[in-house]
Amino acid sequence: MNDLLTEIWESIRRNKLRTALTGFAVAWGIFMLIVLLGAGNGLMNAFMNQGEHFATNTMAVFGGVTSKPANGYQTGRRINLNDQDVAITQSALFSGNVDKISPELFKGPYTLAFKSRHTSVYLNGCYPSLMEMNKIEMLEGRFINQNDIKQHRKSIVLAASHAIELMNGGEDYASLVGKTVTTDNITWVVVGVYKTDRTAQRVEAFAPITTMQMITNDINYVDRINFSFHGLTTKEENEQFEKTYRAALNRAHKAAPDDESSIWIWNRFTQNMQMGKGTHYIRTALWVLGILTLVGGIVGVSNIMLITVKERTREFGIRKAIGASPREIMKLILAESVSITALFGYIGMFLGMVACEVMKMTVGQSSVEFFGETIRLFVNPTVSLSISFGVTILLVVAGAIAGISPAMKAARIRPIEALNET
Amino acid sequence: MLIDLHNIHKTYDNGQPLHVLKGIDLGIGEGEFVSIMGASGSGKSTLLNILGILDNYDEGEYWLDSKLIKNLSEKEAAHYRNQLIGFVFQSFNLINFKTAVENVELPLYYQGVSRKKRNELAMSYLEHFGLADWATHYPNELSGGQKQRVAIARALITRPRILLADEPTGALDSKTSVEVMDLLTELNRTEKVTIIVVTHESGVANCTDKIIHIKDGIIGETTLNEQHQSSIFGTNTIMK
Ligand SMILES: Nc1ncnc2c1ncn2[C@@H]1O[C@H](COP(=O)(O)OP(=O)(O)OP(=O)(O)O)[C@@H](O)[C@H]1O
Ligand SMILES: [Mg+2]
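Residues numbered from 1 in each chain as written. Chains lettered and ligands numbered in written order. Predicted model: local features only at pLDDT ≥ 70, side-chain atom pairs only at ≥ 80, totals over all residues.

Glancing now at the overall build of chain A. For chain A, the count of helices and strands is 13 helices and twelve strands. Burial status across chain A gives 39% buried among its 422 residues. Long-range contacts, defined as pairs at least 24 residues apart, comprise 78% of the intrachain contacts of chain A with a sequence gap of at least 6. (Helix = DSSP H or I, 4+ residues; strand = E, 2+ residues; numbered from the N terminus. Buried ≥ 20, exposed ≤ 12 C-beta atoms within 10 Å, placed from the backbone. Contact = placed C-beta atoms within 7 Å.)

The next thing to look at is the interface of chain B and chain A. The figure often quoted for interface size is the accessible area lost as the parts come together. Listed as interface residues are 20 residues of chain B and, on the opposing side, 18 residues of chain A. Mapped onto the side of chain B that touches chain A, the elements with two or more residues apiece are α2 (74–84), β6 (85–89) and α3 (100–109) of chain B. Per-element tally for the side of chain B that touches chain A: the top contributor is α2(B), with five residues. Across the side of chain B that touches chain A, the residue classes tally to ten nonpolar, four polar and six charged. (Nonpolar A, V, L, I, M, F, W, Y, C, P; charged D, E, K, R; others polar.)

Looking now at the sheet that holds strand β2 (residues 16–28) of chain B. Paired through backbone hydrogen bonds, the strands of a sheet run either parallel or antiparallel to each other. Residues and elements named next belong to chain B. Strand order in the open sheet formed by four strands is β2-β1-β4-β5, and the pairing between neighbours is antiparallel. The open sheet has two edge strands with one neighbour each: β2 and β5 (67–68). Where strand β4 (residues 59–64) and β5 come together, two bridges link them in antiparallel fashion. In the sheet register, Leu64 faces β5, and the bridge partner there is Lys67. (Pairing = 2+ DSSP bridges.)

Residues spaced three or four apart along an α-helix point in a common direction, a consequence of the helix completing one turn every 3.6 residues. By the criterion of burial, α3(B) is predominantly enclosed, with ten of the ten residues buried. Within α3(B) the residues assigned to the buried category are Ala100(B), Val101(B), Glu102(B), Asn103(B), Val104(B), Glu105(B), Leu106(B), Pro107(B), Leu108(B) and Tyr109(B). Where α3(B) is buried, its residues meet α1 (2–14) of chain A together with α2, α4 (115–128) and α5 (144–156) of chain B.

This paragraph deals with the sheet that holds strand β10 (residues 218–224) of chain B. Residues and elements named next belong to chain B. Strand order in the open sheet made by the six strands is β6-β7-β8-β3-β9-β10, with mixed pairing throughout. In the strand order of this sheet, the two ends are held by β6 and β10, each with one partner. The sheet shows a mean angle of 20 degrees between the axes of neighbouring strands, taken without regard to direction. In this sheet, β10 lies alongside strand β9 (residues 210–215) in antiparallel orientation, the contact comprising five bridges. What sits directly across from Ile211, in β10, is Thr223. Strands in contact with α5 are β6 and β7 (162–166); relative to β6, the strand with the most contacts, it is inclined by about 165 degrees. (Axes fitted to C-alpha atoms, helices over the stretch in contact; angles between N-to-C directions.)

This brings us to the site of ligand 1. Residue and element names in this part refer to chain B. The environment of ligand 1 is formed by 13 residues, the closest being Tyr12, Ser40, Lys44, Ser45 and Thr46. For the shell around ligand 1, the elements supplying multiple residues, two or more each, are β1 (3–14), β2 and α1 (44–51). The dominant element in the shell around ligand 1, judged by the number of residues it contributes, is α1, at three residues. Residues that form the shell around ligand 1 fall into these classes: three nonpolar, nine polar and one charged. (Near = placed C-beta within 6 Å.)

Let us now look at the environment of Ser40(B). Take Ser40(B): it is sitting in the loop between β3 (33–37) and α1. When the C-alpha positions of Ser40(B) and His200(B) are compared, they lie 7.9 Å apart, and in sequence the two are 160 residues distant.

Moving on, we come to the nonpolar core. Ranked by internal contacts, the top residues of the largest apolar core, which has 113 residues, are Ile30(A), Val104(B), Leu126(B), Ala153(B), Leu163(B), Leu164(B) and Ile196(B). The leading source of residues in this core is helix α2 (residues 16–52) of chain A, at twelve residues. Apart from residues no more than four positions distant in its own chain, Ala153(B) is found in contact with Val104(B), Tyr125(B), Leu126(B) and Phe129(B). One finds Ile156(A), Leu176(A), Phe206(A) and Tyr245(A) within the second-largest nonpolar core, a separate group that totals 46 residues. (Core = buried A, V, L, I, M, F, W, Y, C linked by C-beta atoms within 7 Å.)

Bringing unusual backbone geometry into the picture now. All names here are of chain B. Non-glycine residue Arg159 carries a positive phi angle of around 50 degrees. Looking at the element boundaries, Arg159 is found in the loop between α5 and β7. Taking the C-beta count within 10 Å as the criterion, Arg159 has 10 such neighbours and is therefore assigned exposed.

Quick look at the packing of helix α9 (residues 268–311) of chain A against helix α12 (residues 385–412) of chain A now. All names here are of chain A. Orientation of α9 relative to α12, taken along the N-to-C sense of each, is 25 degrees, at an axis distance of 8 Å. When the interaxial angle is binned, α9 and α12 end up roughly parallel. Classified by chirality, the crossing of α12 by α9 is right-handed. Residues Leu294, Ile298, Val301, Ser302, Met305, Leu306 and Val309 of α9 form the contact with α12, whose participating residues are Ala398, Ile401, Ala402, Gly403, Ser405, Pro406, Lys409 and Ala410. In terms of residue class, the contact of α9 with α12 is built from eleven nonpolar, three polar and one charged. (Parallel < 35°, antiparallel > 145°, perpendicular 65-115°, else oblique. Left-handed = near helix turned anticlockwise from the far one by under 90°.)

All right, on to the environment of Ser120(A) then. All names here are of chain A. Mapped onto the fold, Ser120 is located in strand β3 (residues 117–126). When the C-alpha atoms of Ser120 and His162 are compared, they prove to be 8.7 Å apart, with 42 residues separating the residues in sequence. Not counting residues up to four positions away in its chain, the partners in contact with Ser120 are Pro109 and Thr111.

Let us look at the confidence of the model for chain B. Taken as a whole, chain B shows an average pLDDT of 90; of its residues, 95% reach a score of 70 or greater. As scored by the predictor, the complex reaches a pTM of 0.68 and an ipTM of 0.89. (pLDDT = per-residue confidence, 0-100.)

This part covers the packing of α3(B) against α4(B). Residue and element names in this part refer to chain B. Orientation of α3 relative to α4, taken along the N-to-C sense of each, is 125 degrees, at an axis distance of 9 Å. Comparing the axis directions of α3 and α4 gives the class oblique. Viewed along their axes, α3 and α4 form a crossing whose handedness is right-handed. Taking contact as the criterion, the partners of Ala100, Val101, Val104, Glu105, Leu108 and Tyr109 in α3 are, on α4, Arg118, Asn119, Leu121, Ala122, Met123, Tyr125 and Leu126. Of the residues that constitute the contact of α3 with α4, the class distribution is ten nonpolar, one polar and two charged.

Structure representation (structure tokens):
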């Protein structure tokens, strides 16, 4: 083993340029593979993060503008969702699939004030079940409850970031629970504080929708209806449900039952299904690209090894004449190929990981505003350790593959012909 | 007989066939010191390569140490070469990126001998050939005579029973040629190594005990030369 290493070291030492060239090809291949996988992971982690804010088996429904004339109305009529739509969603008609419901009513911005401190806030009027659907995590107190809804209480749930702001930057926001805060001229009782996610959309405070409707004079109006559902597992089932559900709401608003622009349905389940497919495609494409680059490296190593074998024909002839078996010669070439590939592959992998870290610190920190929502394009664009181990095995296999053809060529060298060459 | 050839034929076929060996019958016993002479292109090297299992033959039988050498696999051939035969070439054929001592120990590497033992043995051979000071030098730092002595040390380190030398003095001046031939003679006398030397220098042939002439692909006359008087230039000189 030691002797084999010495032989390889000698060969590398004698062929510095060749070694550098092959090494570069392999290192580049692995570097690209790692960077591509890292970037892909970053993209996909960002996707996932986006999805993580909501329970996946939910739909959100919005009012739109009619695109078909119906019941004597022209097209272009604005449809506003209302309490009746909430009732329809809750009705026996859809109870086979619909579980929990929460309408939402957005208003703002208001000036949220506590003592002399104030900040700007959007209010979101909702039902208690929104907490579960939007995966809201309470840090202190409680979320909106049924009594808040029934009694039109002026209860408010603040975001931690706002609570900290109101406490003059202090972390003891817990003491805010039970205190009163104001938005413009309305006084609220803080019932809870929820955790704010850095990557989440705009930060809002939650209040009972009934209270919101009352104080904003938007009686019988909702911006959005959210509901969770079950029993819809295929794309077809979801489409069928959406069709009948849309028809029911359209009828209530005297719009054409099949009008798709009067009622907008955002189905997070099918959305996720497509996203899953999307990430799958991205991942596959990245692997294919990476592997192709690596194959380029392998072909490079193989070619250059072939050239060395040709250059060393006489040497192999001598070795055979003094008793080297074909196996010994093959071993020499294969070991050299694997060593070069593995060594430079590791260099490439290391540089690739450094590049991933750089990406993480630069692009990974930036985000874009998208329809009022903050979206990070890259989240943790790195490759896991298990992938790195996979790459190690890949390298050894790649080196062996690259070496096979040159090794066989070397093993087939007939000493007599090799020695006749001068 | 250590070496027994019966009706060996060899034809090269590079486009048009060239019948080089046309029925060689030859026997060489253990411990003999023979030379093969003949005109250029008469097939001397071809014959020696067949003897050394570096090349195969088309017809006839080659018995080496009572084993029929025919259609051997590369692996078997390598084994016999490693165990039985040592080679010395006109152009030395040292591996030029290995030092003298590394070249000498290489055959032992293929026998699986440990690094330490290899090195010790190689050094003792180099010492014996007066090359101890050159052990860590690369071939391109050695003179022709030194290179050939390194090559002989490499050929002998496995203690082969047969030493095949193809024009071992071909690239050397007359003084060095004498030294090399003296070395071979001593090996034959003290170690009883069977030595076959291909040459077309009569002075070299004169150092051996038996001179085999090859002509037109067959063995011509065989001269016994125990007295070493064959050279027209006299004993113990090699004219260049
Ligand atoms: N590999 C080969 N392919 C084709 N022809 C060959 C090959 N090797 C040798 N020959 C031919 O076979 C003949 C005998 O060659 P060989 O080398 O045995 O001669 P030789 O007696 O050693 O000559 P010299 O004294 O010049 O070394 C020559 O005509 C040579 O051209
Ligand atoms: Mg010849």
